[in-house]
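Breakdown of the fold
Listed here are the chains, written in short residue letters.
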Amino acid sequence: LLLTEGFFRIAGLIVHEENILPSEKKDNTYRILCIGDSSTYGLGSTDSEKYSYPAQLHTLLNTQSSNNEFEVVNLGVRGINSSQVVNRFKYNILKYNPDMVIVMIGINDGWNLEESNILKYYNERFIKKLLLSLELIVNRLKVYQFMKLVFIPQDLDISTENLEDSSSPSELIIAPYNDETRRKGFRFSYRNPMKASAFYHALNDNITSMVKIAESQHIQAVFMTYHAGGYGGVNKIINQIYAQLSVPIVDIGSVFKQAKKLELDVRGPDKWHPNDLGYSLIAKSIYNDMISLGIINDDKIELFPMQENK
């Protein structure tokens, strides 16, 4: 087992960062990389390729802005957690060579423990922590990932869209969100201070790492708050971390609160993910923040025009 594991890891070292071939980009093109989970993928819209926020942002920038041509790449993967994102962050940065990266991540960290770093900060009973730690170690073994890939039938609920573009050469495992994963997950709760602290420090590590990677590559990093609360209210922790960052934050949460006051229908069929209009609000908010950052030179767009239908 050790020899086989060593073989897989040595083979992985053969793929150096220098050998990652970046995708071609025209000189006058400003490329934006959108990284995140189902809210970046576009779940809840009638067509994610047309109405996800990256798709609508792409259209908005190339029709409204008088600046250079814009390209918006959607790397949203349903169910992904922040550890899985940060483990592939530099690879995606080098591969796509963006001018800006927009990140909205963290809402799935409490139930998707694949590649998670959360137990590093969690001190509970020794036996329970040991068992959870062993489970995470086994999940990180290349041999185990290979065996799962070859011999274990994949659950049809597991998202497979965009995996080729959004993951590094290593296998990306996304658990389906259901009652079972919620029971087996971290089960974040504010009533458990140790779990709240562990969640905070683990997510803060991942987000800080993304910021440092973006800065090292001289790329503008922008983070977004969530449009709604997550399981257990983890969005509050996410917002606390954002409040300490020295990078731009797009406050999507406030936009959706305003939409609710105006009685606008901005939710998809599951009543949590945005619908086409909701994703349009996200795209417009990013557009206005790009104006504030001086990236584009245009007038800001009215988010809630009077003629907007409920």
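Anything mentioned here points back to the structure above.
What comes next is a walk through the structure.

Definitions and limits used
- Sequence order sets the numbering: in each chain, residues are counted from 1 along the sequence as written.
- Whole-chain, interface and lining totals are the exception, using all residues; otherwise, since this is a predicted model, local features are given only for residues with pLDDT of at least 70 and side-chain atom pairs are given and counted only at 80 or more.
- Here the side-chain values reflect all heavy atoms present in the structure, with hydrogen atoms and water set aside.
- Strands are labelled as partners when DSSP assigns at least two bridges between them.
- In this text, helices come from DSSP runs of H or I with a minimum length of four residues, and strands from runs of E with a minimum of two, each type numbered from the N-terminal end.
- Patch membership requires more than 30% relative accessible area and the absence of a salt bridge. Residues of like charge join within 9 Å; the nonpolar side chains Val, Leu, Ile, Met, Phe, Trp and Tyr join within 5 Å.
- Using a 1.4 Å probe, accessible areas were evaluated by the Shrake-Rupley method; residue-level cover was limited to the displayed protein chains.
- By definition, a salt bridge exists where a carboxyl oxygen of Asp or Glu is found within 4 Å of a side-chain nitrogen of Lys or Arg.
- Accessibility here uses a 1.4 Å probe with only protein chains present; expressed as a share of the type maximum, an area under 20% marks a residue as buried, one over 50% as exposed, and anything in between as partly exposed.
- Multiplying 1.5 Å by the helix residue count minus one yields the expected span of that helix.
- The quantity called bend is, for any residue, the angle between two axes fitted respectively to the seven residues ending at it and the seven beginning at it.
- Polar contacts here mean pairs of N or O atoms no more than 3.5 Å apart (in protein, one a potential hydrogen donor and the other a potential acceptor; neighbouring residues in sequence count only if both atoms are side-chain atoms).
- Picture the helix axis, draw a direction to every C-beta atom, and the arc is the one those directions span.
- We call two residues in contact when some of their heavy atoms are within 4.5 Å.

Right, let's talk about the sheet that holds strand 4 (residues 220-224) for a bit. The strands making up a sheet associate through backbone hydrogen bonding, with each pair oriented either parallel or antiparallel. Here five strands make up an open sheet; going across it, the order is 2-1-3-4-5 and the pairing parallel. For this open sheet the edge positions go to strand 2 (69-76) and strand 5 (249-250), each flanked by a neighbour on one side alone. Relative to strand 4, strand 3 (residues 100-104) is paired through four bridges, and the arrangement is parallel. Note that in strand 4 the partner of I102 across the bridge is V222.

Let's shift gears to a nonpolar patch on the surface. Taken together, L130, L134 and I137 make up a surface patch of nonpolar side chains, about 250 Å² in accessible area. Residue placement: L130 occurs in helix 6 (residues 126-140). We classify L130 as partly exposed; its relative accessible area is 36%.

Turning to helix 5 (residues 82-96), a few remarks are in order. Because an α-helix packs 3.6 residues into every turn, residues spaced three or four apart end up facing the same way. Between the first and last C-alpha of helix 5 there are 19 Å, a value that for 15 residues agrees with the 21 Å anticipated at 1.5 Å per step. The largest bend in helix 5 comes to about 45 degrees, at F89. Put simply, N81 is the residue that caps the front of helix 5, since its side-chain oxygen is 3.1 Å from the backbone nitrogen of S83. Following helix 5 by one or two positions, N97 adopts a phi angle in the positive range, close to 50 degrees.

Here we come to the pairing of strand 3. The buried fraction of strand 3 amounts to five of the five residues, a majority that puts the element mostly inside the structure. Neither face of strand 3 is open: one carries M100, I102 and M104, the other V101 and V103, and all of them are buried. In the sheet, strand 1 (residues 29-36) pairs with strand 3 via five bridges, with the strands oriented parallel. When the bridges of strand 3 are listed, I35 appears paired with V103.

The next thing to look at is helix 12 (residues 252-261). Residues of helix 12 that are buried include every one of I252, G253, V255, F256 and A259, and no others. Along the long axis of helix 12, the arc covered by the buried residues comes to 160 degrees, so they all point the same way. Of the exposed residues in helix 12, the ones pointing more than 90 degrees away from its buried face are K257 and K261. Buried residues in helix 12 make contact with strand 4, strand 5 and helix 13 (276-292). With a side-chain oxygen positioned 3.5 Å from the backbone nitrogen of G253, the residue opening helix 12 is D251. E263 sits one or two residues past helix 12 and shows a positive phi near 60 degrees.

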